[in-house]
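The chain contents come next:
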Amino acid sequence: MTTSEKVHGQWSSRLAFIIAASGSAIGLGNIWKFPYLVGENGGGAFVLVYLACVAIIGLPLMMAETLLGRRGRQSPINTMAKLARAAGSHPAWRFVGWIGVLAGFLILSYYSVIAGWSMAYLFKVGGGFLEVGSAEATQRAFIDLKSAPDVQMVWHSLFMAATILIVSRGVSKGIEKVTRIMMPGLLLMLIILDVYAAGTSGFSEGMSFLFKPDFAKLSAESLLIAMGQAFFSLGLGMGSIMVYGSYLPDHVSIARSSLIVAGLDTAVALLAGIAIFPVVFSNNLQPGMGPGLIFETLPLAFMHMPGGALFGTIFFVLVFFAAITSAIALIEPAVAWLSENKGFDRVTASIYAGAGCWLLGVGTVLSFNVWAEKSFFGKTFFDAIDFLTADILLPVGGILVAIFAGWIMKRSESAEELELGGLYPYWLLLTRFVAPAAVAIILLHGLGLF
Ligand code: PHE
């Protein structure tokens, strides 16, 4: 019996699954990454392509990945091997699980650094140390943080330590309980920020930047980035959702749960965009300023609100929680593999995986200062890891999941798992043809190979 079989429990209800899956999906990807990518890639057209990717590629793939997990009921590597055996196909399908372990590991290495920034801001805003007198002051504060490797190392280490601590104890009831309160809290905070943004002078400019498409601003690479962001934000293509699906009771509708998770994830990203861009334009800031966007703009919004220091503190606490629930999903495939196949206990496995991520994360810390000019395939270390994972590994993992669920698995099995009724042929069409073809074309085109 493998460890995963021993530890296999099941979610107590559909709600438990939705909360865990949303916890994995909703994270820095929605609040930090989506707005800055929209800013860098010209606004509305990018948003439109992103939404299309979520609907046409992300949603059917989320259903596919969940159904593979529920059918296999093991960790991704072993699930893929088991299902391939059952379908009379090659055991090399376990490679899909490997991509997931690698991608999760690489993503977490920088995720922890950025989560560390949000912890630094929590501390600064809460303690009243942040200078927020003007746009220049918030920009300067962010540059100070970015150029201090030692300060970032402290927060990066703390975040990774927190992740290791939680993961080593097993995904506990505690996390489920905390997420249940934190996620609605996050939604509420974003709505408060949106209401503030609606009253600023840059509101209409911000809204048209976000929602008025100008396709001239869209390059082949921004198409790839939009698609990669859909994978990243939904947490697809790397086995997290597969693991979560493996704990899903049989009677729960995969289609309906996926729709809810993808819908919530998208709503949070859009709400974050609506909160941020009006503030950008009201303060004559540049939307394309990159990864610092939320850190340079949101403190300005909080500054103008009554009780802003309190709201700002609450907001960054919530961002921290959104990040940690995603970090758990990112490291889980590596931890599961180390404990299943290498015989480590969970604590040791978590420490090894976390320490490896931590070490790699040092490269990201340095990429904002000491290594800022160093080029890795024409990008900074951080950008290179981000590109390799979100824009290459996750889409490749996604294509393989689609091919397996659409072509290798028996139709009777996927139909039975999904219970889509009359909608099943549409899912099959998207999973067999549309999603893999779209991902392949965007991938090759974005890499300049086609
Ligand atoms: N979806 C998470 C976010 O948006 C990141 C993540 C990616 C989590 C892949 C799990 C798997 O922040």
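Looking at the site of the ligand
Here is step 1: Residues in contact with the ligand amount to 14 residues; listed here are only the nearest, A25, G29, Y111, F232 and S233.
Here is step 2: Backbone polar atom of S24 to a nitrogen atom of the ligand: 3.1 Å apart, as the coordinates give it.
Here is step 3: Here an oxygen atom of the ligand sits 3.4 Å away from a polar atom, N or O, in the side chain of N30.
Here is step 4: Compared with its free state, where it exposes 320 Å², the ligand has 100% of that area covered by protein.
Here is step 5: At the level of secondary structure, the elements contributing two or more residues to the shell around the ligand comprise helix 2 (14-25), helix 3 (28-40), helix 11 (220-234) and helix 15 (308-341).
Here is step 6: Among the elements that make up the shell around the ligand, the one with the highest residue count is helix 3 (three residues).
Here is step 7: Grouping the constituent residues of the shell around the ligand by class yields six nonpolar, eight polar and no charged.

Some words on the packing of helix 13 (residues 254-282) against helix 14 (residues 293-303)
Here is step 1: It is at 9 Å that the axes of helix 13 and helix 14 come closest, and there the two elements cross at 80 degrees. As summarised for this structure, helix 13 and helix 14 are arranged roughly perpendicular, according to the angle between their axes. Here A275, I276, F277, V279 and V280 of helix 13 lie close against helix 14, whose contacting residues are L293, I294, T297, L298, L300 and A301.
Here is step 2: Across the contact of helix 13 with helix 14, the residue classes tally to ten nonpolar, one polar and no charged.

Things to note about the nonpolar core
Here is step 1: Residues W32, L68, W117, F315 and W427 are the most contacted members of the largest nonpolar core, which totals 155 residues.
Here is step 2: Contacts of W32, omitting those with residues within four sequence positions, involve Y110, I114, W117, P291, I294, F295 and F382.

Side note on helix 5 (residues 76-86)
Here is step 1: Most of helix 5 is tucked away: eight of the eleven residues are buried.
Here is step 2: Turning to helix 5, its buried residues are P76, I77, N78, T79, M80, A81, L83 and A84.
Here is step 3: Close packing links the buried residues of helix 5 with helix 4 (44-72), helix 6 (95-127), helix 12 (240-246), helix 15 and helix 17 (381-408).
Here is step 4: Positive phi appears at G88, one or two residues downstream of helix 5, with a value of about 70 degrees.

Some thoughts on the packing of aromatic side chains
Here is step 1: Going through the model one piece at a time under the given rule, you end up with 29 aromatic pairs.
Here is step 2: Taken together, a centroid distance of 4.9 Å and an interplanar angle of 50 degrees make the contact between Y121 and F295 tilted. One end of the pair, Y121, is in helix 6; the other, F295, is in helix 14, with 174 residues separating them in the sequence. No difference in accessibility class separates Y121 from F295, as the two residues are buried.
Here is step 3: Through pairs of rings, three or more aromatic residues link up here, namely W32, Y36, Y110, W117, Y121, F142, F295, F302, F315, F316, F368 and F382.

Considering a nonpolar patch on the surface
Here is step 1: Together, I441, L444, L447, L449 and F450 give the surface a local cluster of nonpolar side chains, amounting to about 500 Å² of exposed area.
Here is step 2: Within the fold, I441 resides in helix 19 (residues 424-446).
Here is step 3: For I441, a relative accessible area of 45% translates into the label partly exposed.

What to know about the pattern of salt bridges
Here is step 1: Enumeration according to the criterion identifies eight salt bridges in this entry.
Here is step 2: A salt bridge links D386 to K33; the shortest N-O distance between them is 2.8 Å. Taken together, the residues D386 in helix 17 and K33 in helix 3 connect sequence positions 353 residues apart. The residues D386 and K33 share a single accessibility class, namely buried.
Here is step 3: The residue E417 makes a salt bridge to R71 at a minimum N-O spacing of 2.8 Å. With a gap of 346 residues between them, E417 in helix 18 (residues 411-418) and R71 in helix 4 connect regions that are remote in the sequence.
Here is step 4: Taking relative accessible area as the criterion, E417 reaches 8% and is therefore assigned buried.
Here is step 5: You can call R71 partly exposed: its relative accessible area is 24%.
Here is step 6: What emerges from the salt-bridge pattern is a single network uniting R70, R71, E413, E416 and E417.

Focus on unusual backbone geometry
Here is step 1: Unusually for a residue other than glycine, N284 sits at a positive phi of about 55 degrees.
Here is step 2: Tracing the sequence through the fold places N284 in the loop between helix 13 and helix 14.
Here is step 3: One non-glycine residue, F377, lies in positive phi territory at about 55 degrees.
Here is step 4: Inspection of the secondary structure assignment puts F377 in the loop between helix 16 (346-367) and helix 17.
Here is step 5: Given a relative accessible area of 84%, F377 falls into the exposed group.

Cut-offs applied
- Residues numbered from 1 in each chain as written.
- Predicted model: local features only at pLDDT ≥ 70, side-chain atom pairs only at ≥ 80, totals over all residues.
- Heavy atoms only, no water.
- Near = heavy atom within 4 Å.
- Polar contact = N/O pair within 3.5 Å; in protein donor to acceptor, adjacent residues only side chain to side chain.
- Areas by Shrake-Rupley, 256 points an atom, 1.4 Å probe, with all protein chains shown as cover.
- Helix = DSSP H or I, 4+ residues; strand = E, 2+ residues; numbered from the N terminus.
- Nonpolar A, V, L, I, M, F, W, Y, C, P; charged D, E, K, R; others polar.
- Axes fitted to C-alpha atoms, helices over the stretch in contact; angles between N-to-C directions.
- Parallel < 35°, antiparallel > 145°, perpendicular 65-115°, else oblique.
- Contact = heavy atoms within 4.5 Å.
- Core = buried A, V, L, I, M, F, W, Y, C linked by side-chain atoms within 4.5 Å.
- Buried < 20%, exposed > 50% of the residue type's maximum accessible area, 1.4 Å probe, protein only.
- Phe/Tyr/Trp six-rings, centres within 6.5 Å; stacked < 30°, edge-to-face > 60°.
- Patch = residues over 30% accessible without salt bridge, like charges linked within 9 Å, V, L, I, M, F, W, Y side chains within 5 Å.
- Salt bridge = Lys/Arg side-chain N within 4 Å of Asp/Glu carboxyl O.

None of this, on its own, says anything about what the molecule does.
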